[in-house]
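# Structural characterization, general
So you can see what is in the structure, the chains are spelled out below.
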Amino acid sequence: MRDARQYGAASLTALLCACSPPLESERDYCAPMTAPDGLDFTSHPDGASFQELLDGAVQRALPGVALQVQDPDGLWIGASGQCDFETNQAFGPFTRSRVGSVSKIFTATTVMLLVEEGRLRLDDRIADHLDPDLAGHVVNSEIITVRQLLNHTSGLPYEPAYVSALYALGIIGDDPQQEGHFADYVAELHDQPALFEPGQGWAYSNFGYALLGLIIEDATGKDHAEVLRSHLFEPLGLVDTFYDSEQFTPAGLARGYMDFHGDGGLTDVSDWDVYQVAGPGGAVVSTVHDVGTFLQALLGGRLLRPASLEQLLDCSGADIPDSADGYGFGINCSELDGRPVLSHVGELAGYMAAFLVFPEEETIATTIFNGSHGVVVEEIADFLKERLPALTRR
């Protein structure tokens, strides 16, 4: 798997509501989360192998990890490791976590729903939906389209230096106080040069998804976080999925840890509020089950009309340089041993998440962990790959 900067990155018969404890406080980390009533998630024939995979990852590198696999053999959800080292709280199958750029598929789907409602068009110029002063400082805003923001062909840069600097302990210090927020993040785009002319290349841009948040607000007259909640989270019963913000952190959120020096020493970065500036491209909190439920609904045709879903999954208009992969709207398209794969990886300080979808084998895997060790995603992909031929023959 690639770094989240290179690409962002799968059928349940019913939408299930989770019965979780109430949100008690803004910073009630690792409060125990319970499974939806009646959900059978432990009888998968390969459950022991999945658990061994997670246990091995924790022994080598990770604080904690959760995994959900849905395939023709059934549903499995499991976890391993620690959610909070200080309190010795275990990382559970339904622990909530920041999912980073996996948020982009939620934002992209919301944009497509607004297109279906007639509030937006994919070929609208972004300048028509931005404050004129901001548009005047965004390079090529008069010709960049909503479509080009969605598939990273706008030519806009990745993100401001002060966000990337949060990943370097030597720059931010041992007790950082992140003062940036979404408005500051967008302002950093002012007068930055284009990487290429719109539509003439591909470059992953968190800035582009930040602007999509403002465009959603212009089209609806509502805060973009509220639009995601009303269009996706509530209709699908995703009660463990939230838009994290400066004012609100849901109970049960995993603590995040980073090994800055590669020596196994972990720093608790849970309160480094880098997620605030991530906005529509990275501020969603969820669980492996909720992300899986969302993907089942999306790819199963229960959210978008067929033509809209086809456009969201169309990766032909965005070729990733030096790769055979392509990028749709908030989703990466690639192949694994000749098998189509849909995916996205997300990373924030102390947190990672990913999903892998093998459409031909009806297999969806979602994972979250409270550390930054991308090799685990590769291991999950390799393990699933070994099972795919058997699933195809069924």
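A brief structural summary. Here the structure is a predicted model, which means the values were calculated and not measured.

### With respect to the overall build of the protein
Counting its regular elements, the protein contains 13 helices and 13 strands. Among the 394 residues that make up the protein, the fraction classed as buried is 59%. Element-wise, carbon and sulfur atoms account for 48% of the exposed surface of the protein, whose accessible area totals about 15200 Å².

### Description of the side chain of aspartate 28
Mapping aspartate 28 onto the fold places it in the segment before α1 (47-60). Notably, aspartate 28 is buried but unbridged: the nearest opposite-charge side chain belongs to arginine 96, and the N-O separation is 8.1 Å. The residues contacting aspartate 28, other than those within four sequence positions of it, are Ala251, Gly252 and Leu253.

### Quick look at the packing of helix α2 (residues 103-116) against helix α9 (residues 224-233)
In contact at an axis separation of 10 Å, α2 and α9 are set at 80° when each is read in the N-to-C sense. Here α9 runs roughly perpendicular to α2, going by the angle between their axes. Where α2 approaches α9, its residues Phe106, Thr107, Thr109, Thr110, Leu113 and Leu114 are matched on the opposing element by Val227, Leu228, His231, Leu232 and Phe233. For the contact of α2 with α9, the class distribution of residues is 7 nonpolar, 4 polar and no charged.

### A short note on the nonpolar core
With 85 residues, the main nonpolar core has Ile105, Phe106, Leu150, Leu211 and Phe294 as its most contacted residues. Counting residues per element, this core draws most heavily on helix α8 (residues 206-220), which supplies 8 residues. Residues in contact with leucine 150, not counting those within four places in the same chain, are Ala108, Val111, Leu122, Tyr209, Leu212, Tyr327, Gly328, Phe329 and Gly330. One finds Leu53, Leu54, Leu356 and Val377 within the second-largest nonpolar core, a separate group that totals 22 residues.

### Observations regarding the pattern of salt bridges
Counted according to the given criterion, the structure contains 11 salt bridges. A salt bridge links aspartate 244 to arginine 98; its shortest N-O distance comes to 2.8 Å. Here the residue aspartate 244 occupies a position in the loop between β5 (242-243) and β6 (257-258), and arginine 98 occupies one in strand β4 (residues 97-98), the gap between them amounting to 146 residues. According to the relative accessible area criterion, aspartate 244 is buried, its value standing at 1%.

### Here we look at the state of the cysteines
Per the stated rule, a full pass over the model turns up 2 disulfides. The disulfide bridge from cysteine 30 ends at cysteine 83, spanning 2.0 Å between sulfur atoms. Taking the sign of the S-S torsion, about -90° here, the bridge from cysteine 30 to cysteine 83 comes out left-handed. Highlighted residues: cysteine 30 in the segment before α1 and cysteine 83 in strand β2 (residues 74-84), separated in sequence by 53 residues. Each member of the pair cysteine 30 and cysteine 83 is classed as buried. Across the disulfide, cysteine 315 is cross-linked to cysteine 333 (sulfur-sulfur distance 1.9 Å). The sign of the S-S torsion, about 55°, decides the handedness of the disulfide formed by cysteine 315 and cysteine 333: right-handed. Of this pair, cysteine 315 sits in the loop between α12 (306-313) and β9 (326-327) while cysteine 333 sits in strand β10 (residues 332-336); the two residues are 18 residues apart in sequence, bridging distant segments of the chain. For the protein, the disulfide bridges join cysteines in the arrangement 1-2, 3-4, where the cysteines are counted in sequence order.

### Quick word on the packing of α2 against helix α11 (residues 288-299)
Between α2 and α11, whose axes approach to 12 Å, the crossing angle comes to 35°. The two elements α2 and α11 cross, and the hand of that crossing is left-handed. Contacts between α2 and α11 pair Ile105, Phe106 and Thr109 from the former with Val291, Phe294 and Leu298 from the latter. A class-by-class count of the residues in the contact of α2 with α11 yields 5 nonpolar, 1 polar and no charged.

### Overview of the sheet that holds strand β11 (residues 339-348)
One open sheet accounts for 8 strands, arranged β3-β2-β1-β13-β12-β11-β10-β9; its pairing is antiparallel. Since the sheet does not close on itself, it has two edges, and those belong to β3 (89-90) and β9, each with one partner. Across 5 bridges, the pairing between β10 and β11 is antiparallel. By the bridge assignment, serine 334 is partnered in β11 with valine 341.

### Some details on α9
Counting buried residues along α9, 7 of its 10 residues qualify, which places the element largely inside the surrounding structure. For α9, the set of buried residues is His224, Ala225, Val227, Leu228, His231, Leu232 and Phe233. Down the axis of α9, the buried side of the element spans an arc of 160°, and every buried residue falls inside it. At the N-terminal end of α9, a side-chain oxygen is found 2.9 Å from the backbone nitrogen of alanine 225, two or three residues along, and the residue is aspartate 223.

### Here we look at the sheet that holds strand β8 (residues 284-286)
Reading across the sheet, the 3 strands line up as β4-β8-β5 and stay open at both edges, with antiparallel pairing between neighbours. Edge positions in the sheet fall to β4 and β5, since each of these pairs with one other strand and no more.

### Focus: the environment of glycine 264
Looking at the secondary structure, you find glycine 264 in the loop between β6 and β7 (267-268). Take glycine 264: its relative accessible area is 53%, and that puts it in the exposed class. Taking C-alpha positions, glycine 264 is 9.4 Å from leucine 62, a pair spaced 202 residues apart along the chain.

The rules behind these values
- Residues numbered from 1 in each chain as written.
- Predicted model: local features only at pLDDT ≥ 70, side-chain atom pairs only at ≥ 80, totals over all residues.
- Heavy atoms only, no water.
- Helix = DSSP H or I, 4+ residues; strand = E, 2+ residues; numbered from the N terminus.
- Buried < 20%, exposed > 50% of the residue type's maximum accessible area, 1.4 Å probe, protein only.
- Areas by Shrake-Rupley, 256 points an atom, 1.4 Å probe, with all protein chains shown as cover.
- Lys, Arg positive; Asp, Glu negative; His and termini not counted.
- Salt bridge = Lys/Arg side-chain N within 4 Å of Asp/Glu carboxyl O.
- Contact = heavy atoms within 4.5 Å.
- Axes fitted to C-alpha atoms, helices over the stretch in contact; angles between N-to-C directions.
- Parallel < 35°, antiparallel > 145°, perpendicular 65-115°, else oblique.
- Nonpolar A, V, L, I, M, F, W, Y, C, P; charged D, E, K, R; others polar.
- Core = buried A, V, L, I, M, F, W, Y, C linked by side-chain atoms within 4.5 Å.
- Disulfide = S-S within 2.5 Å.
- Left-handed = near helix turned anticlockwise from the far one by under 90°.
- Pairing = 2+ DSSP bridges.
- Arc of directions from axis to C-beta.
- Polar contact = N/O pair within 3.5 Å; in protein donor to acceptor, adjacent residues only side chain to side chain.

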